[in-house]
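Summary of structural features
The residues making up each chain are set out below.
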Amino acid sequence: MTLFNVYPLFDIHLVKGKGAYVWDNNGNKYLDFYGGHAVISIGHSNEHYIKRIEEQLHLLSFYSNSVHLDIQEELAAQLGKISGYDDYNLFLCNSGAEAVENALKIASFHNKRKKIIAFKGSFHGRTSGAVAITDNAKIKPPVNDDSHVLFLDLNNEEQLQTAFKENDICAVIIEPIQGVNGIFEPSTDFLQLIRKLCNENDSLFIADEIQCGYGRSGKFFTHQWSDVQPDIITMAKGMGNGFPVAGILIHQRIQAQHGMLGTTFGGAPLACAAALAVLEVIQKENLMENALQIGNYLKEQCTLLPGVKEVRGKGLMLGVEFNFPIKEMREKLVYEHHIFVGNSSQPNTIRLLPSLSITKKEADELLTALKKLNQTQ
Ligand SMILES: Cc1ncc(COP(=O)(O)O)c(C=O)c1O
């Protein structure tokens, strides 16, 4: 049997990782400024993370959501404390797309409507509900109807107001930093207007923090820079540092009913152990502060590089836009300099999504390589 060939792959076979580095099967070492797509939040093979999962494996790796699993309560308590959302409720699932699906379902159960506002350039996942609100026709098969979705321009207040006037809006879903689209941010005013219009129309505000959340921006959630509180917050990626675990935070006024949502694997003890280990390391090693500090340094230094047009983003979620297509430079970074960075829908933009524990020395390693490559452009 062969693998269903859907991924364009680098010709590299990775076999191990430690901290900010990964190694291939020939012993070559690579600096990881991509984090397997923003997933590696606390570094590869963190010792506390391994120990926490290993201990749980010996105790109880799985049981379904038909009994009390106290480790879920422990995770909810820790998450409430670190995020500042102590008074929200937590639903656990397995992946980003699943978190988005559940957020949409909750919103629609809550106000019995179905019109969703999403934004141009958005990416929310590849399952039916999530791909319908994703602005990319290429990944949307005919079976995934999106006639219930209004795609508006990011930061266009007039369009937003008109959409609310003309439609019975169920929910607005927004990435507080658009990731796949190449790092674009809604303004504080725009996020606050979404909050206001949702309040006035009994619609729900969903913040998709799957890529930009979990400390990456320097605050636990990126929307917290704008002083707004969404009704539902989606999380995945960095939550398990590679262990598949995801979740949604839900405002208290949204009522749960038995059977309304459910999952077999979601909230399994092993996944909760991974998620707890991540929160413990983020706190113990002050990784949010580090994300902000190293992020600011990178932003400042990248702006000075030859060929750079603009640097966008916050903390360790940065888009560096060059005045040329980055495809060739990204390949040279990997094959000649042994550094992974991300790409995006914008042909001229690289995405930096390293572990939140990245150091200044590692940032300098990337900057030196970028400088060298650009002198030869
Ligand atoms: C903002 C956002 N939402 C949702 C998803 C989907 O997450 P997953 O691939 O875990 O289903 C992604 C993945 O890149 C994302 O960036």
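**What about the site of the ligand?**
Close contacts around the ligand come from 14 residues, with Gly96, Ala97, Gly125, Ile210 and Gln211 the closest. Here the element with the most residues in the shell around the ligand is helix 4 (residues 96-111); it accounts for three residues. Each residue belonging to the shell around the ligand can be placed in one class, and the counts come to six nonpolar, six polar and two charged.

**Some remarks on the environment of Leu249**
Take Leu249: it is sitting in strand 10 (residues 246-250). Distance from Leu249 to Asp153, taken between C-alpha atoms, is 26 Å for residues 96 residues apart in sequence. Ignoring any residue separated from it by four or fewer positions in sequence, one finds Leu249 in contact with Tyr85, Tyr88, Leu90, Ile232 and Ile233.

**Structural notes on the domain arrangement of the chain**
Interfaces are often sized by the accessible area lost when the parts come together. According to the domain assignment, the chain consists of domain 1 (14-46 + 287-375) and domain 2 (47-284). Measuring from the centre of the C-alpha atoms in domain 1 to the corresponding centre in domain 2 gives 25 Å. On the side of domain 2, 30 residues touch domain 1, which itself brings 27 residues to the contact. Those elements that place two or more of their residues in the side of domain 1 that touches domain 2 are helix 1 (35-38), helix 9 (287-303), strand 11 (308-314), strand 12 (317-322) and strand 14 (349-352). It is helix 9 that contributes the most residues to the side of domain 1 that touches domain 2, five residues altogether. In terms of residue class, the side of domain 1 that touches domain 2 is built from twelve nonpolar, twelve polar and three charged.

**Remarks on the nonpolar core**
If you look at the biggest cluster of nonpolar residues, it comprises 110 residues, and the most contacted ones within it are Ala171, Val172, Ile206, Ile232, Ala275 and Val278. Ranked by the residues each element gives to this core, the list is headed by helix 8 (residues 269-284), at twelve residues. Structurally, this core is a two-domain feature, drawing no fewer than three residues from each of domain 1 (14-46 + 287-375) and domain 2 (47-284). Beyond its immediate stretch of four places on either side in the chain, Ala171 contacts Leu104, Ala107, Ile116, Ser203, Leu204 and Ile206.

**Quick look at the sheet that holds strand 12**
A sheet is described by the order of its strands in space; here three strands give the open sequence 11-12-14, paired in antiparallel fashion. With one partner strand each, in any of the chains shown, strand 11 and strand 14 form the two edges of the open sheet. Looking at each pair of strands side by side, their axes are set apart by 15° on average, direction ignored. Examined bridge by bridge, strand 12 and strand 14 share four bridges and lie antiparallel to one another. Counted as the bridge partner of Gly319 is Arg351 from strand 14. Its contacts with the sheet put helix 9 on strand 11, strand 12 and strand 14, and the angle it makes with strand 11 is roughly 170°.

**Quick notes on the environment of Glu365**
Summarising the element assignment, Glu365 is placed in helix 11 (residues 360-375). Given 18 C-beta atoms within a 10 Å radius, Glu365 is considered partly exposed.

**What about the sheet that holds strand 9 (residues 232-235)?**
Within a sheet, adjacent strands bond to each other through the backbone by hydrogen bonds, running parallel or antiparallel. An order of 4-10-9-8-7-5-6 is seen for the seven strands of this open sheet, with the pairing classed as mixed. In this open sheet, the two edge strands, each paired with only one partner strand, are strand 4 (89-93) and strand 6 (149-152). Averaged over all pairs of adjacent strands, the angle between strand axes in this sheet comes to 20°, irrespective of strand direction. Taken together, the four bridges between strand 7 (residues 169-174) and strand 8 (residues 204-208) define a ladder with parallel strand orientation. Bridge pairing in strand 8 links Ala171 to Leu204.

**Some thoughts on the packing of helix 2 (residues 47-59) against helix 8**
In the contact formed by helix 2 and helix 8, the axes pass within 9 Å of each other and the chain directions differ by 155°. Of the possible angle classes, the one that applies to helix 2 and helix 8 is roughly antiparallel. The handedness of the crossing between helix 2 and helix 8 comes out as right-handed. Across the interface between the two elements, His48, Tyr49, Arg52, Ile53, Gln56 and Leu57 from helix 2 touch Pro269, Leu270, Ala273, Ala274, Leu276, Ala277, Val278, Glu280 and Val281 from helix 8. Here the contact of helix 2 with helix 8 is composed, by residue class, of eleven nonpolar, two polar and two charged.

**Description of the pairing of strand 9**
Burial of strand 9 is two-sided: the residues Ile232 and Thr234 facing one way and the residues Ile233 and Met235 facing the other way are all buried. Examined bridge by bridge, strand 8 and strand 9 share three bridges and lie parallel to one another. Bridge pairing in strand 9 places Ile206 opposite Ile232. In this structure, strand 9 lies alongside strand 10, joined through four bridges in antiparallel fashion. When the sheet's bridge partners are listed, Ile232 is paired in strand 10 with Ile250.

Scoring rules and cut-offs
- Residues numbered from 1 in each chain as written.
- Predicted model: local features only at pLDDT ≥ 70, side-chain atom pairs only at ≥ 80, totals over all residues.
- Near = placed C-beta within 6 Å.
- Helix = DSSP H or I, 4+ residues; strand = E, 2+ residues; numbered from the N terminus.
- Nonpolar A, V, L, I, M, F, W, Y, C, P; charged D, E, K, R; others polar.
- Contact = placed C-beta atoms within 7 Å.
- Domains from an automatic or database assignment.
- Core = buried A, V, L, I, M, F, W, Y, C linked by C-beta atoms within 7 Å.
- Buried ≥ 20, exposed ≤ 12 C-beta atoms within 10 Å, placed from the backbone.
- Pairing = 2+ DSSP bridges.
- Axes fitted to C-alpha atoms, helices over the stretch in contact; angles between N-to-C directions.
- Parallel < 35°, antiparallel > 145°, perpendicular 65-115°, else oblique.
- Left-handed = near helix turned anticlockwise from the far one by under 90°.

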